[in-house]
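Residues per chain, in single letters:
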Amino acid sequence: MTALKNDRFLRALLREPVDTTPVWMMRQAGRYLPEYRETRAKAGDFLSLCKNTEFACEVTLQPLRRYELDAAILFSDILTVPDALGLGLYFEAGEGPKFHKTVRTEQDVANLPNFNAKSDLDYVMNAVSTIRSALGGQVPLIGFSGSPWTLATYMVEGGSSKDFRFTKQMMYAQPEVLHALLDRLAVAVIDYLNAQIDAGAQAVQIFDSWGGALAHREYIEFSLNYMQKIVAGLQREKDGRKIPVILFTKGGGQWLEPMVATGADAFGLDWTTPLNVARQTVNGRAALQGNLDPATLYGSPDSIAKATKAMLDDAYAHGEKTGYIANLGHGITQWVDPANPKVFIDTVHEYSAKYL
Ligand code: CP3
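What you are looking at is a predicted structure, and each value in this text was computed from that prediction instead of being measured.

**What about the packing of aromatic side chains?**
Right, on to step 1. Per the stated rule, a full pass over the model turns up 10 aromatic pairs.
Right, on to step 2. Seen from their ring centres, Tyr36 and Phe75 are 5.7 Å apart, and the 55 degrees between their planes marks the pair as tilted. Separated by 39 residues along the polypeptide, Tyr36 in helix α2 (residues 34–43) and Phe75 in the loop between β1 (72–73) and α5 (80–87) bring together distant segments of the chain.
Right, on to step 3. For Tyr36, a relative accessible area of 4% puts it in the buried group.
Right, on to step 4. For Phe75, a relative accessible area of 6% translates into the label buried.
Right, on to step 5. An angle of 75 degrees between the planes, with centres 6.3 Å apart, marks the rings of Tyr351 and Tyr355 as edge-to-face.
Right, on to step 6. Residue class for Tyr351 comes out buried when judged on its relative accessible area of 18%.
Right, on to step 7. A network of ring pairs unites the aromatic residues Tyr36, Phe46, Phe75 and Phe91 as a single cluster.

**Concerning the pairing of strand β8 (residues 245–249)**
Right, on to step 1. The buried fraction of β8 amounts to five of the five residues, a majority that puts the element mostly inside the structure.
Right, on to step 2. Burial along β8 is two-sided: Val245, Leu247 and Thr249 and Ile246 and Phe248, pointing in opposite directions, are all buried.
Right, on to step 3. As judged from the five bridges shared by strand β5 (residues 203–208) and β8, these two strands associate in the parallel manner. Directly across from Val204, in β8, lies its bridge partner Val245.
Right, on to step 4. Across three bridges, the pairing between β8 and strand β9 (residues 266–268) is parallel. Residue pairing for β9: Leu247 is matched across the bridge by Phe267.

**Brief notes about the site of the ligand**
Right, on to step 1. Taken together, 22 residues lie near the ligand, and Arg27, Tyr36, Arg40, Ser209 and His330 sit nearest.
Right, on to step 2. In this structure, an oxygen atom belonging to the ligand sits 2.3 Å away from a side-chain N or O atom of Arg40.
Right, on to step 3. Residue composition of the shell around the ligand, by class: 14 nonpolar, four polar and four charged.

**Regarding unusual backbone geometry**
Right, on to step 1. Note that the residue after Gly290, namely Asn291, is joined by a cis bond; omega there is -10 degrees.
Right, on to step 2. The topology assignment puts Asn291 in strand β10 (residues 287–292).
Right, on to step 3. The backbone of Phe164 sits at a positive phi, close to 55 degrees, despite the residue not being glycine.
Right, on to step 4. Within the fold, Phe164 resides in the loop between α9 (148–157) and α10 (165–173).
Right, on to step 5. Assessed through its relative accessible area of 5%, Phe164 is described here as buried.
Right, on to step 6. Positive phi, close to 50 degrees, is recorded for Asp239, a residue that is not glycine.
Right, on to step 7. With respect to the element layout, Asp239 can be found in the loop between β6 (237–238) and β7 (241–242).

**Concerning the pattern of salt bridges**
Right, on to step 1. Overall, the coordinates contain 15 salt bridges when judged by the stated rule.
Right, on to step 2. Here Arg241 ties to Asp7 by a salt bridge, and the two come within 3.1 Å at their closest N and O atoms. Here Asp7 lies in the segment before α1 (8–13) and Arg241 lies in strand β7, a separation of 234 residues in the sequence.
Right, on to step 3. Residue Arg236 is joined to Asp265 by a salt bridge in which the shortest nitrogen-to-oxygen separation is 3.1 Å. On the criterion of sequence distance, the pair formed by Arg236 in the loop between α12 (216–233) and β6 and Asp265 in the loop between α13 (256–260) and β9 is long-range, its members being 29 residues apart.
Right, on to step 4. Members of the salt-bridge network, linked through shared partners, are Arg8, Asp19 and Asp70.

**Considerations on the sheet that holds strand β11 (residues 324–328)**
Right, on to step 1. Spatial strand order, β1-β4-β5-β8-β9-β10-β11: seven strands in an open sheet with parallel pairing. Looking at which strands have only one partner, the edges of the open sheet turn out to be β1 and β11.
Right, on to step 2. Relative to strand β4 (residues 141–146), β1 runs parallel, the two sharing two bridges. By the bridge assignment for β4, Ile73 is matched with Ile142.
Right, on to step 3. In this fold α12 packs onto β5 and β8, with an angle of close to 165 degrees to the strand it touches most, β8.

**As for the pairing of strand β2 (residues 89–92)**
Right, on to step 1. Strand direction decides the pairing type here: β2 and strand β3 (residues 96–99), joined by four bridges, are antiparallel. By the bridge assignment for β3, Leu89 is matched with Phe99.

**Quick look at the UniProt feature "binding site: substrate" (unreviewed entry) in the chain**
Right, on to step 1. Using the residue numbers shown here, the UniProt feature "binding site: substrate" (unreviewed entry) corresponds to Arg27, Gln28, Ala29, Gly30, Arg31, Asp77, Tyr154, Ser209 and His330. For this annotated set, covering 304 residues, the C-alpha atoms extend up to 22.6 Å from each other, a dispersed arrangement in space.
Right, on to step 2. Here Ala29 lies in the loop between α1 and α2.
Right, on to step 3. A relative accessible area of 9% places Ala29 in the buried class.

**Observations concerning the packing of α9 against helix α11 (residues 175–199)**
Right, on to step 1. Packing of α9 against α11 leaves a shortest axis separation of 9 Å and a crossing angle of 120 degrees. It follows that α9 is oblique to α11 by the angle criterion. α9 and α11 meet at a crossing whose hand is right-handed. Listed contacts from α11 to Pro148, Trp149, Leu151, Ala152, Met155 and Val156 of α9 are Leu178, Leu181, Leu182, Leu185, Ala186 and Val189.
Right, on to step 2. Partitioned by chemical class, the residues of the contact of α9 with α11 number 12 nonpolar, no polar and no charged.

Parameters and conventions
Residues numbered from 1 in each chain as written. Predicted model: local features only at pLDDT ≥ 70, side-chain atom pairs only at ≥ 80, totals over all residues. Heavy atoms only, no water. Phe/Tyr/Trp six-rings, centres within 6.5 Å; stacked < 30°, edge-to-face > 60°. Helix = DSSP H or I, 4+ residues; strand = E, 2+ residues; numbered from the N terminus. Buried < 20%, exposed > 50% of the residue type's maximum accessible area, 1.4 Å probe, protein only. Pairing = 2+ DSSP bridges. Near = heavy atom within 4 Å. Polar contact = N/O pair within 3.5 Å; in protein donor to acceptor, adjacent residues only side chain to side chain. Nonpolar A, V, L, I, M, F, W, Y, C, P; charged D, E, K, R; others polar. Salt bridge = Lys/Arg side-chain N within 4 Å of Asp/Glu carboxyl O. Contact = heavy atoms within 4.5 Å. Axes fitted to C-alpha atoms, helices over the stretch in contact; angles between N-to-C directions. UniProt positions renumbered as here; feature names shortened; annotations may be inferred. Parallel < 35°, antiparallel > 145°, perpendicular 65-115°, else oblique. Left-handed = near helix turned anticlockwise from the far one by under 90°.

The structure is reproduced here in structure tokens:
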């Protein structure tokens, strides 16, 4: 394996000393980049882009050509797992993801087919190994999955949702059915992430995009417990290097204390949580990642630099020297001017050095 030239992302996740703050952006490969839109047009549609190794590799590398990012993230989607479980994923223009089938009954859960990540999602593993070698050790590669709860919401609703009506109905009326589904998904996600690690992913992130929609007890019971199970089932070391795991519950900043107990290395935060307070709560037991409001990137270069510096001041407010990765608090949107992320990324590298 080629030696890693820039490992500050992995070092910060493990709370080892760093020269400057590492930074990447959720959804960094996406529609705000004209070159992404061009490659997607060549592929035909989003899913074909994910399934074509060469195109998936190309779009993963695109943001790294424009910006001094400290990590690459596999180009794929969290919904490949329910697709492989036979639900039939498709995207309708302007409407987000949809499934041909839903999972709403005990029978539906029992009928889910066996899942083997390496054979059922071989296109993802091919993308991981191809991207890893194309990176040539420039920066580490992040693998990812959805959390069982977040995947379950799409499977039960049949697509995106605002109120999670059917999933919450299942949760309160037939909790054992939801638990059976979440259990199946946790087992699948462990297999999926371990297969990505085998194929070359050097860190993994679990996206719990909808954990924040749960009441506090239900968050522990229906989301965090299953992420904990996943953390316990992951391969945490490969080729003599630790494989850090990041949990990101959007809207979950108030649950950092129970999150730390999962044993994950790092936690992602959205922009509603003050980083200085979060750092105090975690108190050196884990690293934190985040949390600039993605809408900040609609501003001017000056306002972006100012907001980025304020975030860094918060991140190092108590004299910390590491354990922090700069990021947005959620994915970058398609309406961002591609000139603006550079201001965010360069400000992180230049301004943070004074704290380290
Ligand atoms: O971060 C990256 O650059 C890696 C790629 C990545 C995508 N999706 C590409 C994508 C990752 C990590 C995801 C995760 C994902 N997918 C999540 C969790 C993260 C989050 O945002 O909370 C979720 C909930 C999904 C499901 C999903 N996929 C939705 C809701 C959509 C539609 C979004 C929209 O605005 O229409 C997608 C499609 C998708 N996944 C796109 C990209 C770049 C846009 C599709 C396109 O090119 O048209």
